[in-house]
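Residues per chain, in single letters:
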Amino acid sequence: SNWAGVIRDLLDERGFSSLQNFISSYSAGEVANAERQSLLFHELGLIDHSTLTHPESIVNSLCDVLTEKYSLASDERDMVLMHTKIVGKFDDELVETYNSSLQLFGDEHMTAMCKTVGYTTAIAAELLLDGKVETKGVIIPTSSDIYAPTLNALEAEGIKFVETKITAEQYAA
């Protein structure tokens, strides 16, 4: 199997006559977005006749393409940067701003993205397996029984958010 054939088969299965028609249908009429998507297919080599590394698995083959194209060099590292700002305005006219920031760099052993996604997933799985989360189904981590132990465990792995609170009086100063 080669990428050109796989892409053609996938397009046929979904009723698209061409890759451009497929891209256009998913780019909501945004020409610049469609052009970027088309360029990405070309850049990744997904329209040429190169052989899939795992003919039995498109996903594994795509992972190999992405690894080859986007792996960090030995002198490079990634960074995860996250900032959340919540402003609360209360009935008594008090205004409070809460900031939560995270900056994490990857190292020679693991990328920052791997740490933030992998550790968080592993911690959540451990909480579930240990019976520490009683809610069933698909849930978001907005209750303290989920986020508090998760943040504590992340901090033990060196992933810590810096949090600040500013009140209206502090803005004036």
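For the structure, see preceding data.
A. Structural detail: a nonpolar patch on the surface. On the surface, a nonpolar cluster with roughly 260 Å² of combined accessible area is contributed by Leu40, Leu66 and Tyr70. The residue Tyr70 is located in helix α4 (residues 58-70) in this model.

B. A look at helix α5 (residues 112-129). With 18 residues, α5 should reach 26 Å at 1.5 Å per residue; the first-to-last C-alpha distance of 25 Å fits that figure. When we look at burial in α5, the residues that qualify are Ala112, Lys115, Thr116, Ile123 and Leu127. For α5, the angular spread of the buried residues around the axis is 90°, confining them to a single face. Turned more than 90 degrees away from the buried face of α5 sit Thr121, Leu128 and Leu129, all of them exposed. Where α5 is buried, its residues touch β1 (79-89), β2 (95-105) and α6 (144-156).

C. Structural view of the pattern of salt bridges. Following the criterion strictly, the structure yields three salt bridges and no others. The salt bridge involving Glu96 is made with Lys165; its shortest N-O contact spans 3.5 Å. Here Lys165 lies in strand β3 (residues 162-167) and Glu96 lies in strand β2, a separation of 69 residues in the sequence. The exposure class of Glu96 is buried, given its relative accessible area of 9%. Relative accessible area serves as the criterion here: at 44%, Lys165 is assigned to the partly exposed category. A salt bridge links Lys115 to Asp107; the nearest nitrogen and oxygen atoms lie 3.0 Å apart.

D. Fine view of the packing of α5 against α6. Close contact between α5 and α6 brings their axes to 10 Å; oriented N to C, the two are set at 130°. Classified by the interaxial angle, the pair formed by α5 and α6 is oblique. The handedness of the crossing between α5 and α6 comes out as right-handed. For the pair formed by α5 and α6, the contact residues are Tyr119, Thr120, Ile123 and Leu127 on the first element and Ile146, Pro149, Thr150, Ala153 and Leu154 on the second.

E. Looking closely at the sheet that holds β1. Ordered in space as β1-β2-β3, the three strands form an open sheet in which the pairing is antiparallel. With one partner strand each, in any of the chains shown, β1 and β3 form the two edges of the open sheet. Adjacent strand axes in the sheet meet at a mean angle of 15° when their direction is disregarded. Here β1 pairs with β2 via 11 bridges, running antiparallel. Within β2, the residue paired with Thr84 across the bridge is Ser100. Together, β1 and β2 form the strand contacts of α5, whose direction differs from that of β2 by roughly 120°.

F. Spatial organisation of unusual backbone geometry. Even without a glycine there, the phi angle at Glu93 is positive, about 75°. Looking at where Glu93 falls in the secondary structure, it is placed in the loop between β1 and β2. Since its relative accessible area comes to 67%, Glu93 is described here as exposed.

G. Looking closely at the nonpolar core. Trp3, Ile7, Leu11, Leu19, Ile23, Phe41 and Leu46 are the most contacted members of the largest nonpolar core, which totals 13 residues. Of all the secondary-structure elements, those providing two or more residues to this core are α1 (3-13), α2 (19-26) and α3 (31-44). With four residues, the top contributor of residues to this core is α1. With residues up to four places along the chain from it excluded, the contact list for Leu46 reads Trp3, Ala4, Ile7, Phe41 and Leu62.

Here is what the cut-offs are and how they apply
- Residues numbered from 1 in each chain as written.
- Predicted model: local features only at pLDDT ≥ 70, side-chain atom pairs only at ≥ 80, totals over all residues.
- Heavy atoms only, no water.
- Patch = residues over 30% accessible without salt bridge, like charges linked within 9 Å, V, L, I, M, F, W, Y side chains within 5 Å.
- Areas by Shrake-Rupley, 256 points an atom, 1.4 Å probe, with all protein chains shown as cover.
- Salt bridge = Lys/Arg side-chain N within 4 Å of Asp/Glu carboxyl O.
- Helix = DSSP H or I, 4+ residues; strand = E, 2+ residues; numbered from the N terminus.
- Expected span 1.5 Å × (residues − 1).
- Buried < 20%, exposed > 50% of the residue type's maximum accessible area, 1.4 Å probe, protein only.
- Arc of directions from axis to C-beta.
- Contact = heavy atoms within 4.5 Å.
- Axes fitted to C-alpha atoms, helices over the stretch in contact; angles between N-to-C directions.
- Parallel < 35°, antiparallel > 145°, perpendicular 65-115°, else oblique.
- Left-handed = near helix turned anticlockwise from the far one by under 90°.
- Pairing = 2+ DSSP bridges.
- Core = buried A, V, L, I, M, F, W, Y, C linked by side-chain atoms within 4.5 Å.

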